[in-house]
Amino acid sequence: MENFIVSARKYRPDSFDTVVAQSSITTTLKNAIKNSQLAHAYLFCGPRGVGKTTCARIFAKTINCSNLSPEVEACNECESCKAFNTSRSFNIHELDAASNNSVDDIRQLIDQVRIPPQVGKYSVYIIDEVHMLSSQAFNAFLKTLEEPPKHAIFILATTEKHKIIPTILSRCQIFDFNRIGISDIAGHLEYVAKNEGVTAEKEALNIIAQKADGAMRDALSIFDQIVSFSGKDITYQDVISNLNVLDYDYYFRLVEHFVKNEVPDSLMIFDDILNHGFDGHHFINGLSSHLRNLLVCKDPVTVQLLEVSGEIKDRYKVQAASCENDFLLKALEISNECDMQYKMSQNKRLLVELAIVRIAQLTLKKK
Ligand SMILES: Nc1ncnc2c1ncn2[C@@H]1O[C@H](COP(=O)(O)OP(=O)(O)OP(=O)(O)O)[C@@H](O)[C@H]1O
Ligand SMILES: [Zn+2]
């Protein structure tokens, strides 16, 4: 059997241009290379799975490429690039500070740093999860970071910038990586699906992207999980049942009842949701997002904040038109309040039911 390679590895970008949604970072890095203004230490900060290590590797490959293109992309053909692409390069060293965080580990690294590379121009040291270094290790490292040999470049990566001591911060050029937006993640998943011969409903990929919460690695892992569950055809229904996501449809129907002040029908929908095994908190969070989505539809500018695909987008717009701003705001206040009280409440079901009743009566009071 063919070896299965997880998508997050298989689709790791190998050029600046294929990194998704971090263009301000990749552009700055490319400009620095173009203008020969390389710093000796970089700090890549940001949430997990958004491309920090990926960009560090591309950077290392690019500055060692002997045949750089005018667009400042590595050629992928010279000896150095080939070595990088097959993980055989001696110009890149990766240290996982989470498991190698002692002074001895750092001393070993410092010894290594002194030796100039045999081939290629630079030795790049990527220290992942750098916030995990012990304070002694940090201190041992400071001197090297202050006066690194010409050939050495450090790229420190961390998900927890606030844990990095100021003396290190001030010696690094800092890059803040952002969480990746839902539409960018969904777009990348579409590309991966196509390459894998998988057909996927747009809304299915959108739900995966939402669930990934800004991390591309998570999105790709979820994608693999769904493929192994449903095969080469991925539907919206597969995804919501697999990921335990509440169908949008519940909320659309619920809001229809709300605007008609149909309290019993609204309560029955909540009962149905509980019977499907979802918990009240999950429901109330979903309701808040739904109401928020309706609210952003009320304005031609904020409608851009609606991160769902075509068909559902239209459904939101239609429903938004049937609700007044004032209703949406008050309903959001109520659901938000319920969300905050949820953990503390002794009678969680009642708490949610009360919120539902209050929302379903909002427009009644006005009439
Ligand atoms: N911006 C991106 N564009 C395309 N793919 C990405 C991006 N970010 C992450 N990925 C995918 O996720 C995988 C993991 O990314 P990477 O190791 O670069 O994340 P990271 O930010 O370094 O996370 P961590 O802090 O957990 O190490 C990559 O192999 C790639 O498949
Ligand atoms: Zn090259």
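What counts, and at which threshold
- Positions within a chain are numbered from 1, following the residues in the order the chain's sequence is written.
- Key to labels: chains lettered from A, ligands numbered from 1, both in the order written.
- Note on the predicted model: pLDDT of at least 70 is required for a residue's local features to be given, and 80 or more for side-chain atom pairs to be given and counted; whole-chain, interface and lining totals, by contrast, use all residues.
- Excluding hydrogens and water, the side-chain figures rest on all heavy atoms present in the structure.
- UniProt positions are given in the numbering used here, feature names are shortened, and annotations may be inferred rather than shown by experiment.
- The donor set comprises N, O and S atoms within 2.8 Å of the metal, extended to 3.2 Å for Na, K and Ca; water molecules are omitted, so apparent gaps in a site may simply reflect that omission.
- A site with four donors is called tetrahedral when every donor-metal-donor angle falls between 85 and 135 degrees; four donors are called square planar, and six octahedral, when opposite donors sit more than 155 degrees apart and all other angles fall between 65 and 115; any other arrangement is irregular.
- Labels follow the DSSP assignment, with helices taken as runs of H or I lasting at least four residues and strands as runs of E lasting at least two, numbered in each case from the N terminus.
- Burial classes follow relative accessibility: with a 1.4 Å probe on protein chains only, a residue under 20% of its type's maximum area counts as buried, one over 50% as exposed, and anything between as partly exposed.
- For salt bridges, the criterion is a side-chain nitrogen of Lys or Arg within 4 Å of an Asp or Glu carboxyl oxygen.
- The nearness test applies per residue and asks whether one of its heavy atoms lies within 4 Å of the molecule or strand.
- A 3.5 Å cut-off defines polar contacts: any pair of N or O atoms within that distance qualifies, except that in protein one atom must be a possible hydrogen donor and the other a possible acceptor, and neighbouring residues in sequence count only when both atoms are side-chain atoms.
- Only the protein chains shown count as cover for residues, and the accessible areas themselves come from Shrake-Rupley with a 1.4 Å probe.
- Throughout this entry, Asp, Glu, Lys and Arg are counted as charged residues, while Ala, Val, Leu, Ile, Met, Phe, Trp, Tyr, Cys and Pro are counted as nonpolar. The remaining residues, Gly among them, count as polar.
- Domain boundaries shown here were taken from an automatic or database domain assignment.

- As annotated in an unreviewed UniProt entry, the chain carries the name DNA polymerase III subunit gamma/tau and comes from Mariniphaga sediminis.
- What the UniProt record of the chain gives under Function (unreviewed entry) is the line "DNA polymerase III is a complex, multichain enzyme responsible for most of the replicative synthesis in bacteria. This DNA polymerase also exhibits 3' to 5' exonuclease activity."

## Thoughts on the coordination of the zinc ion (ligand 2)
Geometry reference: four tetrahedral donors at a metal, ideal angle 109.5 degrees. Six octahedral donors, ideal angles 90 or 180 degrees.
In step 1: Protein ligation of the zinc ion (ligand 2) involves Cys65 (SG), Cys75 (SG), Cys78 (SG) and Cys81 (SG), the donor distances falling in the range 2.2 to 2.4 Å.
In step 2: Considering all four donor atoms around the zinc ion (ligand 2), angles at the metal cover 103 to 119 degrees and the coordination shape is tetrahedral.
In step 3: If you list the donors of the zinc ion (ligand 2) from N- to C-terminus, the spacing comes out as C-x9-C-x2-C-x2-C. Separated by 16 residues along the polypeptide, Cys65 in the loop between helix H3 (52-64) and helix H4 (79-85) and Cys81 in helix H4 bring together distant segments of the chain.
In step 4: The class for Cys65 is buried, based on a relative accessible area of 11%.
In step 5: Take Cys81: its relative accessible area is 0%, and that puts it in the buried class.

## Some details on the pattern of salt bridges
In step 1: This model, assessed by the stated rule, comprises 18 salt bridges.
In step 2: Glu73 is the partner of Lys30 in a salt bridge, and the nearest nitrogen-oxygen pair spans 3.9 Å. Of the two residues, Lys30 is situated in helix H2 (residues 23-34) and Glu73 in the loop between H3 and H4; the sequence distance between them amounts to 43 residues. In terms of burial, Lys30 and Glu73 fall into one category: buried.
In step 3: Of the charged contacts, one joins Glu147 and Lys143 as a salt bridge, the two residues approaching to 3.9 Å between their closest N and O atoms. Assigned by exposure class, Glu147 and Lys143 land together as exposed.
In step 4: A single salt-bridge network, built from bridges that share partners, covers Asp17, Lys30 and Glu73.

## Brief notes about the site of ligand 1
In step 1: Neighbouring ligand 1 are 21 residues, the closest being Ala8, Val20, Gly49, Thr53 and Thr54.
In step 2: Between ligand 1 and the protein, one listed contact pairs an oxygen atom with a side-chain N or O atom of Lys52 at 2.9 Å.
In step 3: Separating an oxygen atom of ligand 1 from a side-chain N or O atom of Thr54 is a distance of 2.5 Å.
In step 4: Relative to its unbound accessible area of 620 Å², ligand 1 is 95% covered by the protein chains.
In step 5: Broken down by secondary-structure element, the contributors of at least two residues to the shell around ligand 1 are H3 and helix H10 (216-230).
In step 6: Classifying every residue of the shell around ligand 1 gives 10 nonpolar, six polar and five charged.
In step 7: Split by domain, the residues of the shell around ligand 1 number at least three in each of domain 1 (7-176) and domain 2 (182-242).

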